[in-house]
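# Fold and geometry: a report
The chain contents come next:
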Amino acid sequence: MAEAKKTTPKKTAKVSKRKATSAKKTKKTKTKITKTKAKTRVAEVKKKVEPKGKPEKVITARHKRVAEKAKERTVAPAPAEPEVQRMRITDVSGVIYDDPEYKSMVDMYDSTIKDIREGEIVSGTVLGVTRDDVIVDVGFKSEGIIPLNEFPTPLNVKVGDPIDVYLEQIEDANGQLILSKQKADFMRVWDRIREMHDSGEEVTGTVVRRIKGGLVVDVMGVDAFLPGSQVALRQVPDFDALINQEMTLKIIKINKARRNIVVSRRVVLEEERDSMREELLSEIAVDQVRQGIVKNITDFGVFIDLGGVDGLLHITDMSWGRIRHPSEMVSLGDKIDIKILDIDDKTSRISLGLKQMTPYPWENIEEKYPIGKKVTGRVVSITDYGSFVELEKGIEGLIHISEMSWTQHIKHPSKIMNVNDSVEAVVLSVDKDNEKISLGIKQMEPDPWETIDQKYPIGKIISGKVRNLTAFGAFVELEEGIDGLVHISDMSWTRRIQHPSEVIKKGDKVEVKIIKIDHENRRISLGLKQLTEDPWGEISKKYAVGTECLGTVTKVMDRGVVVDLDNLVEGFVPTAQLGSKELSDPTGIFKEGEQIPLKVIEFERHQHKIVLSVTAYYKQRERAELDEFLTRHPAGSNRTIAEAMPEELKQATAESEEPTGASPNAVDPAEASLEPSSEPAVETETDEDEPAQS
């Protein structure tokens, strides 16, 4: 070995990288070839290296036993029950038991252990009860523990009680028995449950508790699931109220592997309803009175259970009077007597009536409420057109908005009354066929229009307040509730009023004159201009036809201009009489406040109309004056002033030196062709708030 350590590898000459790589490959190949002899060489080396004095390996009895057992396991299967090796047992005092004593002890121990198997129901005894578990002895070497929540009534579990449990596992990781009370209950009744499911037999169950989606029901000691949709024929508002109640059920679904049992109460109720329905339909008849139970309340009526068949009690058949909602008269679960009104044989729909159980209140209505009778009632409803008043149960009358006041302008009945108010009224008309009674409250007071002539005679001047302005006039309040109308044509003798606001304002105190009273339409016509004398008598003298004057332009329109004559009266100059034939629209040519020379060509006293003309004025004037006027008011034409002159003026200028027998104020009919009167059209329709006044 020492010589081998001194041996060193020989130094080799440096070779190139390519040659070195080839050498390595060659060396590896040789190594692979010599591997077949590796074991032989290793054995030879070991013999040389190992010292001759080293002892051989000792094989003990234990090694032999282990080897034999390993050989037995590989050759033959293990025995079903291991053989108990004979042992020498010694007590504390050192006494050695002989064979009979040892055998007796083993037999006694074996008698305490039952022969139990997994997946079976075994009998046991409750040894203890903790807060969460129940300890059970089933006669095995260890006790089992069952969760307390597996017992339907945990408070009734006591120590010493016999109990049947299901053995799930003999020994878990902790060496503990795995038992189940629920599985034992399920296995014990499973065959019976399956038979009842297959045959459709009914079963009785007790509601234990509520869970998500339904209820847990105890059926023959086993928990079954009752879905919420299968509890009743209609939706149940409170599931908690069903706890601890017994009910008849049918098993509709089972699953042994998952220990799942689904039951239904609705199926049982549907079968009962169908049988009761057939029986009821064979007995029921129109005009028959039966007792029913209120099952459902809607906005349009009530569904009544007649005992297997539902009927509809419409809201219109609940009371002769007015009700807003059926819940005002009935509640869920109420037992009421109703009358059968109609039965549809095709759809089996039943119409019911409640008000038909009482006498018809409109019988002899004319005798109870004659026309002119004063009555007292309660306001039950208010609409835009009036208020409904309940005179008695089932009898209502309408007070129209027009029958609420003689004088006030009421826009809505709620302005003077509210629901549940007590009112007094007078019967105006009775219509038994249509069940209508017309009432009036203004008839409770005297009609002020009957004595209006005495209070407001024609020609009387009174003071009032302007309450409202419209396009056709102004309403003046003479007293509370009584108005008169000042028409726009009665505001001024001489001015053409376009809107009442040009003369008066809302809220002004004004004096007016009574000019007309219309009893039929209840209207009073008032006048503002009638407070002064009619000036048209003197105006007709001052502005007779042919009179020349100066007018101040107050308004320019496309059909002419309006002029003021000495702040006394207004006149109108048509466009054709403004001096130029080419002029079609005086807007922009004549200005307000400008004075122009005019000649009266038409005067209508009764129509209060004066028509004037510039053309007629310059007809008797020099041509230069007309040229100057037209220069100031060009018509927009490229023609000269002479060409723009009317043919009549040209002829008049040519014949100005010749004598004429015509009056200087005479007007040629051809020159006096005028447009229609400038008086604006009077509106005849009223505004939305006020009645029409003549």
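About the thresholds
Residues numbered from 1 in each chain as written. Predicted model: local features only at pLDDT ≥ 70, side-chain atom pairs only at ≥ 80, totals over all residues. Heavy atoms only, no water. Helix = DSSP H or I, 4+ residues; strand = E, 2+ residues; numbered from the N terminus. Buried < 20%, exposed > 50% of the residue type's maximum accessible area, 1.4 Å probe, protein only. Areas by Shrake-Rupley, 256 points an atom, 1.4 Å probe, with all protein chains shown as cover. Phe/Tyr/Trp six-rings, centres within 6.5 Å; stacked < 30°, edge-to-face > 60°. Pairing = 2+ DSSP bridges. Axes fitted to C-alpha atoms, helices over the stretch in contact; angles between N-to-C directions.

## Quick look at the overall build of the protein
Per the secondary structure count, the protein includes 14 helices and 30 strands. Looking at the protein residue by residue over its 694 residues, the buried ones come to 33%. Summed over all atoms, the accessible surface of the protein reaches about 44400 Å², with 49% contributed by carbon and sulfur.

## A look at the packing of aromatic side chains
Tallied over the full model, the rule gives 7 aromatic pairs. Centroid distance phenylalanine 300 to phenylalanine 303: 6.3 Å. Interplanar angle 85 degrees. Geometry classified as edge-to-face. Relative accessible area serves as the criterion here: at 24%, phenylalanine 303 is assigned to the partly exposed category. Note on tyrosine 385 and phenylalanine 388: the rings are 6.4 Å apart at their centroids and 85 degrees apart in plane angle, and the pair reads as edge-to-face. Residue class for phenylalanine 388 comes out buried when judged on its relative accessible area of 17%.

## Observations regarding the sheet that holds strand β19 (residues 422-431)
Taken in spatial order, the 5 strands of this closed barrel run β16-β17-β18-β20-β19, and their pairing is mixed. The average undirected angle you get between the axes of adjacent strands in this sheet is 50 degrees. Relative to β19, strand β16 (residues 374-382) is paired through 5 bridges, and the arrangement is antiparallel. Its bridge partner lying in β19, lysine 374 is registered against valine 426.

## Examining unusual backbone geometry
The phi dihedral of asparagine 244 is positive, around 75 degrees, even though this residue is not glycine. Here asparagine 244 lies in the loop between β8 (222-227) and β9 (246-255).

## Regarding the sheet that holds strand β25 (residues 523-527)
Ordered in space as β21-β22-β23-β25-β24, the 5 strands form a closed barrel in which the pairing is mixed. Neighbour-to-neighbour, the strand axes of this sheet turn through a mean angle of 50 degrees, independent of strand direction. Where strand β21 (residues 461-470) meets strand β22 (residues 473-479), 5 bridges bridge the pair, whose relative direction is antiparallel. Opposite threonine 470, over in β22, you have glycine 473 as the bridge partner.

Purely geometric numbers; function is a separate question.
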